[in-house]
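The chain contents come next:
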Amino acid sequence: MDNASAMSGDLDIEEFRRVAHQTADWIADYLRDVERYPVLPRVTPGQVRRSLPAAPPVTAESLDQMIDDIDRLILPATTHWNSPGFLAYFASTGSAPGIVGEMLTAALNVNAMLWRTGPAATELEVVVLDWLRQMVGLPEPLFGVINDTASSSTLYALAAARDALAADIHRRGMAGRDDLPRLRVYASAEAHSSVDKAAIVLGFGKAGICHVATDDDLRMDPNALRRAIEEDLAAGVIPCAVIATVGTTSTASIDPVPAIAELCAELGLWLHVDAAYAGAAAVAPEFRPIFDGVKRADSIVVNPHKWLFTPMDCSVLWTRRRDALRNAFAIVPEYLRTAESAGPDTVDLMDYGVSLGRRFRALKLWLIIRSFGVTGLAARIREHCRLATELGRWVQQSSGFELLAPVSLGVVCMRAHPAGLDDEQRLDALNEKVLTQINEDGQFFLSHTRVRGRYAIRVAFGNLRTSEVHVRSLCDALSAALVPLAAM
Ligand SMILES: Cc1ncc(COP(=O)(O)O)c(C=O)c1O
């Protein structure tokens, strides 16, 4: 063992090399064989905990033993997000360049809180986010940072919107103020729950969020938005921000951003666009229209960890109001002051969110964009949308299933609806059983939602390895699950 390792208690460097090679082999085998595992593991809550020692080891154990334990205890209890059969929620694929990026990020172990503590990490983040801006066709100037999740990105955007109100909230806060009326943010009834969470955390409360009605295609109704804002203004409520969703969680519906942006400009409201899932689609030129009007937004969130094959976690927050975002979060105590902070080329990432510490997340995104190329990424996204259209066509042509919403990008919301069964409660129960049956079978993991109150089986394409073959076997699995259940 080399001297430094012996003193630190860490692995000898040659032993590390051996284990790291072995781990690389393990990862390659796992990715090659991922379809062998049931996508949703066959475990019950508490099972993993009970299989693990309740107390930590007193003396050192070998990494070989731990890798055995990963095979024995962890793999069988893992939900395989990397499986092509993962069609639930929104996919998150750990692509090869993304995994290599994570390995290197761990090795470099940079905390890019200040430019000084991670010059390459900081500047790569600036450059990669500008690449991504160009890839989705958004104009300059747009300042971007990478956060862990869209929930954080939206929270930070709304914090900036709140502080940008002329209400001196940054200094005086909101509690105990007779002079501060209720503040409100507006999002469609289909908006993601992270908007509600942000509203609660920021002190708007649940009452401070207005869920605006949607049209027949589950898109925010801009007339209803205008009415809600006007009623609030008449009642003395202060409108703070509007959140438009480009690609809602249930059905990937797309709010009419041009009309919403127009209204926000007229009333001087902050517009935040939640494109956490669908934003990636704008990389393919034919899907660029989903971003119509988005260039007018004050802030935009897009998650590469959803549909750009980036391992968890990576959420991009862009803003046209860099100063507002910075003003909301920049607090520089003496111990974090640096000589270069005031320079025009310096970005201190800690100034743009809650966390001081910052992972080097730009590295994996850099490797992914370079490894796939823009056209390669666009081709994958295009293929996922094609697979969704194909499944949608099958649903429409099948006698036992129906669509509950138009197919949008990679998302298909459907239900089993056998002829002669029209009772809504029984249909809900039947569809729950179909979904359970498919998920227990192990080849696929689908999730559900409700569309206009009806229980919907939801299929979302987005996994890098999902192909036409999987769509065909999913159709077979759906039909096979329905036949015995419909007869009951
Ligand atoms: C439209 C939308 N916004 C936000 C989120 C939250 O994403 P995150 O898990 O990155 O916080 C989701 C999650 O699926 C989503 O669908």
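The model shown is predicted, which means the values in this text are computed figures rather than measured ones.

Colleague: Can you walk me through the overall build of the protein in this structure?
Modeller: From N to C terminus, the protein includes 16 helices and 11 strands. Whereas a compact globule of 488 residues would reach a radius of gyration of roughly 23 Å, the protein reaches 24 Å, a difference of no more than 12%. Expressed as lengths along the three principal axes of its C-alpha atoms, the size of the protein is roughly 80 × 60 × 45 Å. Looking at the protein as a whole, 52% of its 488 residues qualify as buried. Expressed as a percentage of contacts within the protein between residues at least 6 apart in sequence, the contacts between residues at least 24 apart total 71%. A total accessible area of about 22600 Å² is found for the protein, and carbon and sulfur atoms account for 54% of it. For the protein, the centre of its 48 positive side-chain charges and the centre of its 59 negative side-chain charges are spaced 2 Å apart.

Colleague: Mind showing me how you'd approach helix α10 (residues 222-234) here?
Modeller: Residue pairs spaced three or four apart in an α-helix point in one direction, given the helix's 3.6 residues per turn. Across its 13 residues, α10 extends 18 Å between first and last C-alpha, which sits within 8% of the 18 Å expected from 1.5 Å per residue. Among all positions in α10, only A224, L225, A228, I229 and D232 are buried. The buried residues of α10 occupy one face: seen down the axis, they fall within an arc of 135°. Across α10 from its buried face, at more than 90 degrees, point the exposed residues N223, E231 and A234.

Colleague: It is not clear to me how the sheet that holds strand β10 (residues 447-451) should be interpreted in this structure. Could you clarify?
Modeller: Remark on secondary structure: sheet strands pair via backbone hydrogen bonds, oriented parallel or antiparallel. Pairing is antiparallel in the open sheet, where four strands are placed in the order β8-β9-β11-β10. Strands with a single pairing partner mark the edges of an open sheet, and in this sheet they are β8 (401-403) and β10. Direction aside, the axes of adjacent strands within the sheet are offset by 45° on average. Of the strand pairs in this sheet, β10 and strand β11 (residues 454-460) are connected by five bridges, and their pairing is antiparallel. Bridge pairing links H448 to I457 in β11. Most of the contacts of helix α15 (residues 424-441) go to β11, to which it runs at about 30°, and overall it touches β9 (411-416), β10 and β11.

Colleague: Can you walk me through the nonpolar core in this structure?
Modeller: The tendency in soluble globular proteins is for nonpolar side chains to be buried side by side. Judged by nonpolar contacts, the single largest core of 108 residues is most densely connected at V242, L271, V273, F291 and W318. When residues of this core are assigned to their parent elements, the largest contribution, nine residues, is made by helix α14 (residues 362-397). Aside from chain neighbours lying at most four places away, what touches W318 is L129, L132, R133, V136, L138, L142, F143, G144, D298, S299, I300 and V302. Counting 29 residues, the second largest nonpolar core, distinct from the first, contains L87, L391, Y455 and L482.

Colleague: Is there a simple way to think about the packing of aromatic side chains in this case?
Modeller: Two aromatic rings, taken as a pair, are described by how far apart their centres are and by the angle between their planes. The full count for this structure, using the stated rule, is 12 aromatic pairs. Relative to Y30, the ring of W26 has its centre 5.6 Å away and its plane inclined at 15°; by these criteria the two rings are stacked. Highlighted residues: W26 and Y30, both in helix α2 (residues 13-33), separated by four residues, approximately one helical turn. Residue W26 is classed as partly exposed on the basis of its relative accessible area of 23%.

Colleague: How do you make sense of the pattern of salt bridges when you look at a structure like this?
Modeller: For side chains of opposite charge, pairing can occur when their charged atoms come near one another. Applying the stated criterion across every chain yields a total of 35 salt bridges. One salt bridge connects R321 with D298, and the closest N-O pair in it is separated by 3.0 Å. Of this pair, R321 sits in the loop between β7 (315-319) and α13 (322-329) while D298 sits in the loop between β5 (270-274) and β6 (299-302); the two residues are 23 residues apart in sequence, bridging distant segments of the chain. Owing to a relative accessible area of 32%, R321 belongs among the partly exposed residues under this scheme. Connected via shared salt-bridge partners are E102, D313, R359, R361 and K364.

Colleague: So what exactly am I meant to see when it comes to the sheet that holds strand β3 (residues 209-212) here?
Modeller: Judged by pairing direction, the sheet is mixed, and its seven strands sit side by side in the order β1-β7-β6-β5-β4-β2-β3 without closing on themselves. Lying at the two open borders of the sheet, with one neighbouring strand each, are β1 (143-147) and β3. Between one strand and the next, the sheet's axes are offset by a mean angle of 20°, whatever the strand orientation. Judged from the four bridges that link them, β6 and β7 form a sheet pairing that is antiparallel. The residue bridging V302 from the neighbouring strand is V316, located in β7.

Colleague: Teacher, can you tell me more about a nonpolar patch on the surface here?
Modeller: Judged by side-chain polarity, V100, M103 and L104 come together as a nonpolar surface patch covering roughly 250 Å² of accessible area. Under the relative-accessibility criterion, M103 is labelled partly exposed at 42%.

Colleague: Please explain unusual backbone geometry as it appears in this structure.
Modeller: Most peptide bonds are trans, and most residues other than glycine sit at a negative phi. The omega torsion of the bond from E140 to P141 falls at -10°, within 30 degrees of zero and hence cis. Looking at the secondary structure, you find P141 in the loop between α6 (119-135) and β1. Here M312 and D313 are connected by a cis peptide whose omega angle stands at 5°. Relative to the assigned elements, D313 resides in the loop between α12 (304-307) and β7. Its identity is not glycine, yet A252 carries a phi of approximately 60°, on the positive side. Relative to the assigned elements, A252 resides in the loop between β4 (238-245) and α11 (257-267). Assessed through its relative accessible area of 0%, A252 is described here as buried. We note that F309 has phi near 60°; this positive angle belongs to a residue other than glycine.

Colleague: Even after reading the chapter, I still don't get the side chain of D163, so can you show me in this structure?
Modeller: Mapped onto the secondary structure, D163 falls in helix α7 (residues 150-164). On the basis of relative accessible area, D163 is assigned to the buried category, the value being 17%. In this view, D163 contacts I169, H170 and A328; residues no more than four positions away in its chain are not counted.

Calculation rules
- Residues numbered from 1 in each chain as written.
- Predicted model: local features only at pLDDT ≥ 70, side-chain atom pairs only at ≥ 80, totals over all residues.
- Heavy atoms only, no water.
- Helix = DSSP H or I, 4+ residues; strand = E, 2+ residues; numbered from the N terminus.
- Rg over C-alpha atoms; globule rule 2.2 N^0.38 Å.
- Buried < 20%, exposed > 50% of the residue type's maximum accessible area, 1.4 Å probe, protein only.
- Contact = heavy atoms within 4.5 Å.
- Areas by Shrake-Rupley, 256 points an atom, 1.4 Å probe, with all protein chains shown as cover.
- Lys, Arg positive; Asp, Glu negative; His and termini not counted.
- Charge placed at Lys NZ, Arg CZ, Asp CG, Glu CD.
- Expected span 1.5 Å × (residues − 1).
- Arc of directions from axis to C-beta.
- Pairing = 2+ DSSP bridges.
- Axes fitted to C-alpha atoms, helices over the stretch in contact; angles between N-to-C directions.
- Core = buried A, V, L, I, M, F, W, Y, C linked by side-chain atoms within 4.5 Å.
- Phe/Tyr/Trp six-rings, centres within 6.5 Å; stacked < 30°, edge-to-face > 60°.
- Salt bridge = Lys/Arg side-chain N within 4 Å of Asp/Glu carboxyl O.
- Patch = residues over 30% accessible without salt bridge, like charges linked within 9 Å, V, L, I, M, F, W, Y side chains within 5 Å.

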